[in-house]
Amino acid sequence: MKKILTILLTLPLVVLFLCSCSSDESDPVSSSIAGEWETSTLTIYSSTYNETADPYVKKAFNDLLTENKIKRIFKEEGKTVETSYTNSDGTEIIYANEAYEIKKDSLYLTHNGNIKSYRYTLSQNILTTEWDVNKTQLTTILSQMDKASVAIRLPDDYSGKITLVEKRKSSN
């Protein structure tokens, strides 16, 4: 009776152990990121609210999407992503070709030897990317957006989070 009880108690542990030892080599999410994505929303949340700067920063991000089209193409082969910002007349203003890597809930982009880390979630047709920013990083972003005058309003202790939501373009 004691042997049967011991077997019954240890059997679930053995099964649990064997199930948890499966290989994590394949990452089905990373292969499903491949394809063309178009930005649907781009928002900034300020964790150090400043009534002088925040309305201008939010407007700058809103204007970016209103005035431009942001597109990313993730390629499985070579693990690269092409990012382009195109204005309303179709002129490409910013273009970047970066290497990417996915580890758990992080997306790593490498450009000119610099690695940036982003939190991300991915469903079949929606890619959400988030990253934290400080004053220096946001000033760089705003300058690239031709909104350097907004960056001047940022307090020295500024910190926030940017969220980018993209929709997968259908392959018609």
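Anything mentioned here points back to the structure above.
Here's a quick rundown of the structure.

Definitions and cut-offs
- Residues numbered from 1 in each chain as written.
- Predicted model: local features only at pLDDT ≥ 70, side-chain atom pairs only at ≥ 80, totals over all residues.
- Heavy atoms only, no water.
- Helix = DSSP H or I, 4+ residues; strand = E, 2+ residues; numbered from the N terminus.
- Buried < 20%, exposed > 50% of the residue type's maximum accessible area, 1.4 Å probe, protein only.
- Phe/Tyr/Trp six-rings, centres within 6.5 Å; stacked < 30°, edge-to-face > 60°.
- Lys NZ or Arg CZ within 6 Å of the ring centre and 35° of its normal.
- Salt bridge = Lys/Arg side-chain N within 4 Å of Asp/Glu carboxyl O.
- Pairing = 2+ DSSP bridges.

**Quick word on unusual backbone geometry**
Next, step 1: Look at Lys-79: it is not a glycine, yet its phi comes out positive at around 50 degrees.
Next, step 2: Relative to the helices and strands, Lys-79 is located in the loop between β2 (68-75) and β3 (80-87).
Next, step 3: Its identity is not glycine, yet Lys-104 carries a phi of approximately 55 degrees, on the positive side.
Next, step 4: The topology assignment puts Lys-104 in the loop between β4 (92-103) and β5 (106-111).
Next, step 5: A relative accessible area of 78% means that Lys-104 is categorised as exposed.

**Focus: the packing of aromatic side chains**
Next, step 1: Across all of its chains, the model carries 2 aromatic pairs by this definition.
Next, step 2: Taking 5.1 Å as the distance between ring centres and 85 degrees as the angle between the ring planes, the aromatic pair formed by Phe-74 and Tyr-100 counts as edge-to-face. Here Phe-74 is found in strand β2, whereas its partner Tyr-100 is found in strand β4, with 26 residues between them in sequence. By the burial criterion, Phe-74 is buried, and Tyr-100 matches it.
Next, step 3: Here Tyr-118 and Trp-131 contribute two aromatic rings whose centre-to-centre distance is 5.1 Å and whose plane-to-plane angle is 90 degrees, an arrangement assigned as edge-to-face. Within this pair, whereas Tyr-118 is found in strand β6 (residues 114-122), its partner Trp-131 is found in strand β7 (residues 126-134), the two being separated by 13 residues in sequence.
Next, step 4: Look at Tyr-118 and you get buried, because its relative accessible area is 11%.
Next, step 5: For the cation-ring pair, Lys-103 lies above Tyr-108, with the distance from its terminal atom to the ring centre recorded as 5.9 Å.

**Side note on the pattern of salt bridges**
Think of it this way: side chains of opposite charge can pair up when their charged atoms draw near.
Next, step 1: Tallied over the full model, the rule gives 14 salt bridges.
Next, step 2: The closest approach of N and O atoms between Glu-38 and Lys-169, which form a salt bridge, is 3.8 Å. Here Glu-38, found in strand β1 (residues 35-46), pairs with Lys-169, found in the segment after β8 (159-168); they are 131 residues apart in sequence, far enough to count as distant.
Next, step 3: What you see here is one network of salt bridges that share partners, running through Glu-36, Glu-38, Lys-69, Lys-71 and Lys-169.

**Concerning the pairing of β5**
Next, step 1: Where β4 lies against β5, 5 bridges are found, and the strand directions are antiparallel. Bridging from a neighbouring strand, Tyr-100 pairs with Leu-109 of β5.
Next, step 2: In textbook terms, the turn of a hairpin is the stretch between consecutive antiparallel strands, and for β4 and β5 this stretch comprises 2 residues, one of which, Lys-104, has a positive phi near 55 degrees.
Next, step 3: In terms of strand pairing, β5 meets β6 through 6 bridges, oriented antiparallel. By the bridge assignment for β6, Leu-107 is matched with Tyr-118.
Next, step 4: The hairpin formed by β5 and β6 contains 2 residues between the paired strands, and Asn-112 there has a positive phi angle of roughly 55 degrees.

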